[in-house]
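# Topology and contacts: notes
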Amino acid sequence: MCVFNLLIYLYINFNPRTFFYQNSQYMKKTEECDSLLPNDPPLRAVRAFEAIARLGSITAAAKELAISPSAVSHQLKTLEAFLQMPLTERQGRKLILRSEGREYYRSIRSAFNVLRQATEHVREQSASRQVTISLIPLFGMGWFIPRLHSFLRENPDIDINVVYANHRNYLSDAADISIRFGVGQWTGYRSEKLMSGKMVPVCSRSFIRLHGLLDTPDQLAPLPLLHDEERNTWMQWFQQAGVRRPLRSTGPMFEDGLLTLAAVQSGLGCALMREPLIEPYLDSGELVKLFDRPIDDGRDYYLCVRADSELSQEGLNLQKWLLREAAGQ
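The present account deals with the structure reproduced in this document. None of these values were measured; they are calculated from a predicted model.

Let us look at the overall build of the protein chain. Counting its secondary structure elements, the protein chain contains 13 helices and 12 strands. Counting all 329 residues of the protein chain, 38% fall into the buried class. Expressed as a percentage of contacts within the protein chain between residues at least 6 apart in sequence, the contacts between residues at least 24 apart total 73%.

Next up, the structure:
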């Protein structure tokens, strides 16, 4: 009887319009509360700003977002009010980014790229003949792409999607397979060592012509040195090579191997680079290995797949090919 009486009460007192109004008001208040969190910006406004910064105008952003230019302007003002600083300014009839706007755009651009890659990956999951692999740029240029033709020849019906691996935040990776650089431990992934990450000293032919051939590591010590990510590796290499003179840690430092490679190619100096990734440049003679004295910083290249899901047959084909190619190099 208690349950029956409760049902009768609900039937008599339930007003759908009141219920849905109250629920919508709750949702609205929840959204308002979310937007007031100190570091949680209004996302629609951020999206509008990203479109403005990327496309270069409010009109172009409005066209892409399928809203009016005035709505885009309103979203921009909302974001500037939230950040308490102007992000753009007028120069004649053009809207340009202020320095604060450029810095903010650089910060959010990678997040939007991750969102777009993840969305594209989910949309393409239903396509049974596609597989996505994420790579560090230098690995792609120096090792993967020069060999890719052999995989495509063996698997002509498989479409390969190649995306950048965000090596500073691997958690954002949405690829089927990712080639990662580190010590082999990533939460939520199974990893298998693909190749060594040992480094050797290299320079360009123009650098050799300018400074002459080098016979001993001591002769290298006073020459211009380039640094990939950090400055201690050269000091460790010289110590390992038995160079006892005081060592320098000066010289340009670059964020990743691709930038370092460009600097070496231009003749700026000598760099310690990971030999498997620069083989094409060594084979062509564009770069010269100065000494066959590798140094190991404990980091290598790993083939990684998600622990919570299984690869498709296309993914398995690519995985087997990668392991075979790496073993035969």
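This part covers helix H13 (residues 313–328). In this model, H13 (16 residues) spans 23 Å end to end at C-alpha, consistent with the 22 Å of a helix rising 1.5 Å per residue. Buried residues of H13: Glu314, Gly315, Leu318, Gln319, Trp321, Leu322 and Ala326, and no others. Looking down the long axis of H13, one finds its buried residues gathered within 165° of arc, a one-sided arrangement. Exposed side chains of H13 directed beyond 90 degrees from the buried face belong to Lys320, Ala327 and Gly328. Along its buried surface, H13 packs onto strand E3 (130–135), helix H7 (137–154), strand E4 (159–164), strand E5 (177–182), strand E6 (189–195) and strand E12 (300–306).

This part is about the nonpolar core. Membership of the largest hydrophobic core comes to 39 residues, with the highest contact counts inside it found for Phe139, Phe144 and Leu322. Ala62, Val72, Leu76 and Leu87 belong to the second-largest nonpolar core, a separate cluster that totals 21 residues.

Moving on: helix H11 (residues 257–265). Taken together, the buried positions of H11 are Gly257, Thr260, Leu261, Ala263 and Val264. All buried residues of H11 project into a common sector of 160° when viewed along the axis, lining one side. Where H11 begins, the side chain of Asp256 points an oxygen toward the backbone nitrogen of Leu258, at a separation of 3.3 Å. Count one or two residues on from H11 and you reach Gly267, which has phi positive near 85°.

Here the focus is the side chain of Glu80. Position of Glu80 among the secondary structure elements: in helix H5 (residues 69–83). With no salt bridge to any partner, buried Glu80 finds its closest opposite charge in Arg98, at an N-O distance of 7.1 Å. Among the polar contacts made by the side chain of Glu80, one reaches the main-chain amide nitrogen of Leu87 at a distance of 2.9 Å. Apart from the residues lying within four places of it in its own chain, the contact partners of Glu80 are Met85, Pro86, Leu87 and Thr88.

In this structure the tally under the stated criterion is 15 salt bridges. Among the ionic pairs, Arg147 bridges to Glu325, the shortest N-O distance being 3.8 Å. Taken together, the positions of Arg147 in helix H7 and Glu325 in helix H13 put the pair 178 residues apart, joining distant regions of the chain. Of the residues examined, Arg147 reaches a relative accessible area of 17% and is grouped as buried. Where Glu275 meets Lys289, a salt bridge forms, and the shortest distance between an N and an O atom there is 2.9 Å. With Glu275 in the loop between strand E10 (271–274) and helix H12 (279–284) and Lys289 in strand E11 (residues 287–289), the pair connects residues that are 14 residues apart, well separated along the chain. Here Lys289 falls in the partly exposed class, since its relative accessible area comes to 31%.

This part covers unusual backbone geometry. Unlike most non-glycine residues, Ala66 shows phi in positive territory, near 60°. Assignment of secondary structure puts Ala66 in the loop between helix H4 (58–65) and H5. Residue Ala66 is classed as exposed on the basis of its relative accessible area of 68%. The backbone of Gln84 sits at a positive phi, close to 60°, despite the residue not being glycine. By secondary structure assignment, the location of Gln84 is in the loop between H5 and strand E1 (88–91).

Definitions and limits used
Residues numbered from 1 in each chain as written. Predicted model: local features only at pLDDT ≥ 70, side-chain atom pairs only at ≥ 80, totals over all residues. Heavy atoms only, no water. Helix = DSSP H or I, 4+ residues; strand = E, 2+ residues; numbered from the N terminus. Buried < 20%, exposed > 50% of the residue type's maximum accessible area, 1.4 Å probe, protein only. Contact = heavy atoms within 4.5 Å. Expected span 1.5 Å × (residues − 1). Arc of directions from axis to C-beta. Core = buried A, V, L, I, M, F, W, Y, C linked by side-chain atoms within 4.5 Å. Polar contact = N/O pair within 3.5 Å; in protein donor to acceptor, adjacent residues only side chain to side chain. Lys, Arg positive; Asp, Glu negative; His and termini not counted. Salt bridge = Lys/Arg side-chain N within 4 Å of Asp/Glu carboxyl O.

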